[in-house]
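Tertiary structure, described
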Amino acid sequence: MEFERTTGGAILMDGIRLRDEIIVSLRSTIEADGNPDVCLATVLVGDDKPSRLYVKSKHKKAKEAGLASRHIDLPSNIAQSQLETEVRALADDPSVHGILVQLPLPEGLDAEPVLDLLPVTKDVDGLTERSMGRLVRGKPGHVPCTPLGVMRLLDRYGVETSGKRAVVIGRSTLVGLPQVLLLGRKGTDATVTLAHSRTADLAAVCREADIVIAAAGMAGLVTPDFVKPGAAVIDVGVSRSEAGIVGDVQFEAVQEVAGAITPMPGGTGPMTIGCLMQNTYAAFKMQQYEDTGVELGSGLSL
Ligand code: NAP
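Quick caveat, the model's predicted, so the values are computed rather than measured.

Let's shift gears to the pairing of strand 3 (residues 68-74). Side-chain positions along a regular strand alternate between the two faces of the sheet. Two strands pair when backbone bridges link them, and strand 2 (residues 39-45) and strand 3 are joined in this way by 7 bridges, in the parallel orientation. Across the sheet, Val45 pairs through a bridge with Leu74, a residue of strand 3. Remark: the strand 2/helix 2 (residues 49-65)/strand 3 crossover connection has right-handed handedness.

It is worth spelling out the environment of Cys206 at this point. Relative to the assigned elements, Cys206 resides in helix 8 (residues 202-207). Overall, Cys206 belongs to the buried group, its relative accessible area being 0%. Taking C-alpha positions, Cys206 is 9.4 Å from Arg165, a pair spaced 41 residues apart along the chain. Apart from residues no more than four positions distant in its own chain, Cys206 is found in contact with Val167, Ile169, Val212 and Phe226.

Close contacts around the ligand come from 21 residues, with Arg171, Ser172, Ser197, Val238 and Thr272 the closest. Ser172 places a polar side-chain atom, nitrogen or oxygen, 2.4 Å from an oxygen atom of the ligand. Between a nitrogen atom of the ligand and a side-chain N or O atom of Thr268, the distance comes to 3.0 Å. Protein chains bury 69% of the 920 Å² of accessible surface belonging to the ligand in isolation. Per-class residue counts for the shell around the ligand are 10 nonpolar, 10 polar and 1 charged.

The next point concerns the side chain of Thr268. When you line up the elements, Thr268 lands in helix 10 (residues 268-292). Since its relative accessible area comes to 3%, Thr268 is described here as buried. Sequence-distant contacts of Thr268, that is, excluding residues within four places in its chain, are made with Val150, Leu153, Ile234, Asp235 and Val236.

Within the open sheet, the 3 strands sit side by side as 3-2-4. Their pairing is parallel. Because the sheet does not close on itself, it has two edges, and the strands there are strand 3 and strand 4 (98-101). Within this sheet the neighbouring strands show an average axis-to-axis angle of 15°, counted without direction. Lying on the sheet, helix 2 is in contact with strand 2, strand 3 and strand 4; it crosses strand 3 at an angle near 160°.

Our next topic: helix 3 (residues 80-92). Taking 1.5 Å per residue, 13 residues should reach 18 Å; helix 3 reaches 18 Å between its end C-alpha atoms and fits that length. All of the buried residues in helix 3 are Leu83, Glu84, Val87, Leu90 and Ala91. Seen from one end, helix 3 has its buried residues packed into an arc of 120°, which puts them on one side. Residues of helix 3 that are exposed and angled more than 90 degrees away from the buried face: Ser81 and Asp92.

With that settled, the discussion passes to the environment of Leu118. If you trace the backbone, Leu118 turns up in the loop between helix 4 (111-115) and helix 5 (129-137). Between the C-alpha atoms of Leu118 and Pro224, which are 106 residues apart in sequence, the distance is 42 Å.

So, about the confidence of the model for the protein chain. Chain-level statistics for the protein chain give a pLDDT mean of 95 and a share of 96% at 70 or above. When mean pLDDT is taken per element in the protein chain, strand 5 (residues 165-169) scores highest with 99 and strand 9 (residues 239-241) scores lowest with 92. The model gives residues 296-302 a pLDDT under 50, and that stretch makes 18 contacts with residues more than four places away or in other chains.

This part takes up the sheet that holds strand 5. Note: strands within a sheet are paired through backbone hydrogen bonds, in either parallel or antiparallel orientation. Taken together, the 6 strands give an open sheet; going across it, the order is 1-11-8-7-5-6, and neighbouring strands pair in parallel fashion. Strands at the two margins of the open sheet, each flanked by one partner only, are strand 1 (11-12) and strand 6 (191-195). Relative to strand 8 (residues 232-235), strand 7 (residues 211-214) runs parallel, the two sharing 4 bridges. Within strand 8, the position partnered with Ile213 by the bridge is Ile234.

About the cut-offs
Residues numbered from 1 in each chain as written. Predicted model: local features only at pLDDT ≥ 70, side-chain atom pairs only at ≥ 80, totals over all residues. Heavy atoms only, no water. Pairing = 2+ DSSP bridges. Helix = DSSP H or I, 4+ residues; strand = E, 2+ residues; numbered from the N terminus. Right-handed = clockwise from strand over helix to strand, strands pointing away. Buried < 20%, exposed > 50% of the residue type's maximum accessible area, 1.4 Å probe, protein only. Contact = heavy atoms within 4.5 Å. Near = heavy atom within 4 Å. Polar contact = N/O pair within 3.5 Å; in protein donor to acceptor, adjacent residues only side chain to side chain. Areas by Shrake-Rupley, 256 points an atom, 1.4 Å probe, with all protein chains shown as cover. Nonpolar A, V, L, I, M, F, W, Y, C, P; charged D, E, K, R; others polar. Axes fitted to C-alpha atoms, helices over the stretch in contact; angles between N-to-C directions. Expected span 1.5 Å × (residues − 1). Arc of directions from axis to C-beta. pLDDT = per-residue confidence, 0-100.

Structure (structure tokens):
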């Protein structure tokens, strides 16, 4: 397949394009399934502007994919117990298939007991202990959307993982840790290094890698001297600057060296949303299976 390339000749791993392909394909899957009512519920606490924009685009894409969506908007001064009551109601509602609690929560609220309320089949963000446990144990469950989106990008743009060396910068439970598990698991078969803020000589560590995934949230951290010629470089980090959104990767300079690269914006962000839609439909199928014993459709179980 011919891919679009950057001015330096790297393959441009276009997340908007792949997200749109995912949405179109999901829509036809849902239509072929008889247009069942599949519902994603989002919970947003407080007024954080970027969080509000993320949630808005999730609803827009849900609609395009043929999913119903519901939104619960809560004030930042809500009591922990009231927030938990709201989330428990969604957890108990059989017409809601996927629940996404937009993180981070405002100061003073604890996300852990809120996440604990999510049934594993409705945890479409894959963030609960049980979803993480399933990922570690190789059992079917929801995989966190951002690292899953990275895997989809690597696959779509023909980046070989088997036997290759990968470095993941960042060790959060949201991105870095699940990313390491996904890259290293059987069938994907990369040899993975987990780097973080205490990693000595990060540039040298990254230069060893065929795949570099930057999820540090440190604008411009990855410079050309981090990149082995021809390596794939995936930018997950998001920082806001006067010039707009910038990533962890110095795109212009790095694309001269890399073999494949994601833009920022337009790379991993849209893929996170595309994967959330896929997870929501998978959630519906999991719940249908629990209720009826009908097998999960092929390709939905991760
Ligand atoms: P996080 O919880 O703050 O974790 C950041 C990780 O990066 C930590 O493990 C930290 O190391 C490491 N780190 C920070 N500075 C570093 C440095 N200079 N060198 C090496 N490692 C460094 O953040 P997160 O939730 O994983 O998110 C990471 C970034 O991805 C953020 O910018 C976030 O906004 C973005 N994000 C993007 C998407 C998307 O869809 N594109 C989705 C989610 C998050 P220590 O553990 O040693 O502190």
